[in-house]
Amino acid sequence: MCSNYKMDESRSFKCLICFEDIQNGISFFDYFKRPDCICGNCRQKFVILNKEVKVNGLSIYALYEYDDYLEDLMFTFKENKDVALHPIFLYPYQKLLRKKYRKETIVFAPSSLKKEMERGFQTLPLLFQGIKLPTIQLFEKEKDYKQSSKPFLRRKDIKGVIHLRKSVEMPERMVLVDDMCTSGETLKRMYELVKHKEKVKIFTIAINKKLLE
Ligand SMILES: [Zn+2]
């Protein structure tokens, strides 16, 4: 697993995406950095944002643009259940995120119980496990719907499906996270439900390009 890589061992590792030598396509400077879990060629295909963007009146910190490449990787990880891919998205940013959110508790966007049972694993906790910050499941989702497959889904529909879980204590400082921000409505709904809004931060791994325009 990526988080357990040691400097010397990693030199002989294979890329988690293309299975070629991990040193393929890395620059001279990359060679002296902490070894990655994918090769330089695969890493270069990610469209990096790494910045705060305004969506629906919220300030969201996004790492990547959600393009076809990222969509394919997320699909392979989540729907084809290729759990070995879990470190590839956040690995180069683990240290940055740990520092940026050192005072926060990570609050995951909810996925439905039915979906998790089918998958056999929880995607967000797995994606964020290398960050090593406290996490909490503050929300629950009533039923399944795929936002991207329902372009005309209205806000009231989302309001109906995401709730605060009962008997879970709300942390004072938190960062609301989702893996993909396609419309921004899920994060917006989460934000509406939490207290201490002035202290709440929001993070997504990837964001829909259309939301940036
Ligand atoms: Zn590769």
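Residue positions are counted from 1 within each chain, in the order its sequence is given. In view of the model being predicted, local features appear only for residues whose pLDDT reaches at least 70, and side-chain atom pairs are presented and counted only at 80 or more, with totals across whole chains, interfaces and linings using the full set of residues.

Describing helix H3 (residues 68-78)
Formally: With C-beta atoms placed from the backbone, a residue counts as buried when 20 or more other C-beta atoms lie within 10 Å of its own, as exposed when 12 or fewer do, and as partly exposed for counts between those limits. Going along the chain from the N terminus, every DSSP run of H or I of four or more residues is numbered as a helix, and every run of E of two or more is numbered as a strand. By definition, the arc is the one covered by directions from the helix axis to the C-beta atoms. Contact criterion: two residues are in contact if their C-beta atoms, reconstructed from the backbone, are within 7 Å.
For H3, the complete set of buried residues consists of Leu-70, Leu-73, Phe-77 and Lys-78. For H3, the buried positions fall inside an angular range of 120 degrees around the axis, keeping them on one side. The exposed set on the far side of H3, more than 90 degrees from its buried face, consists of Asp-68, Asp-72 and Phe-75. Buried residues in H3 make contact with strand S2 (58-66), helix H6 (123-127) and strand S8 (201-208).

Here we look at the confidence of the model for the protein
To keep things clear, this is the line we draw: Across the chain, each position has a pLDDT score giving the predictor's confidence in that residue, from 0 to 100.
Confidence along the protein averages 87 in pLDDT terms, with 86% of residues attaining 70 or more. Across residues 3-11, where pLDDT falls below 50, the model places nine contacts with residues more than four positions away in sequence or in other chains.

Observations concerning the pairing of S8
Our working definition: Strands pair, by our definition, only if DSSP identifies at least two bridges between them. We call a crossover right-handed when, viewed with both strands directed away from the observer, the connection leading from the first strand over the helix to the second proceeds clockwise.
Within S8, six of the eight residues are buried, leaving the element largely enclosed by the surrounding structure. As defined by bridge partners, S2 adjoins S8 across five bridges and the pair is classed as parallel. Looking at S8, one finds that Tyr-64 is bridged to Ala-206. With helix H8 (residues 185-193) bridging strand S7 (residues 174-181) and its parallel neighbour S8, the resulting β-α-β unit is right-handed.

A word on unusual backbone geometry
In this model, Phe-19 sits at a positive phi of 65 degrees, which is unusual for a non-glycine residue. With respect to the element layout, Phe-19 can be found in the loop between helix H1 (7-10) and helix H2 (40-43). Here the phi dihedral of Asn-50 falls at roughly 50 degrees; this positive angle occurs in a residue that is not glycine. Mapped onto the fold, Asn-50 is located in strand S1 (residues 48-55).

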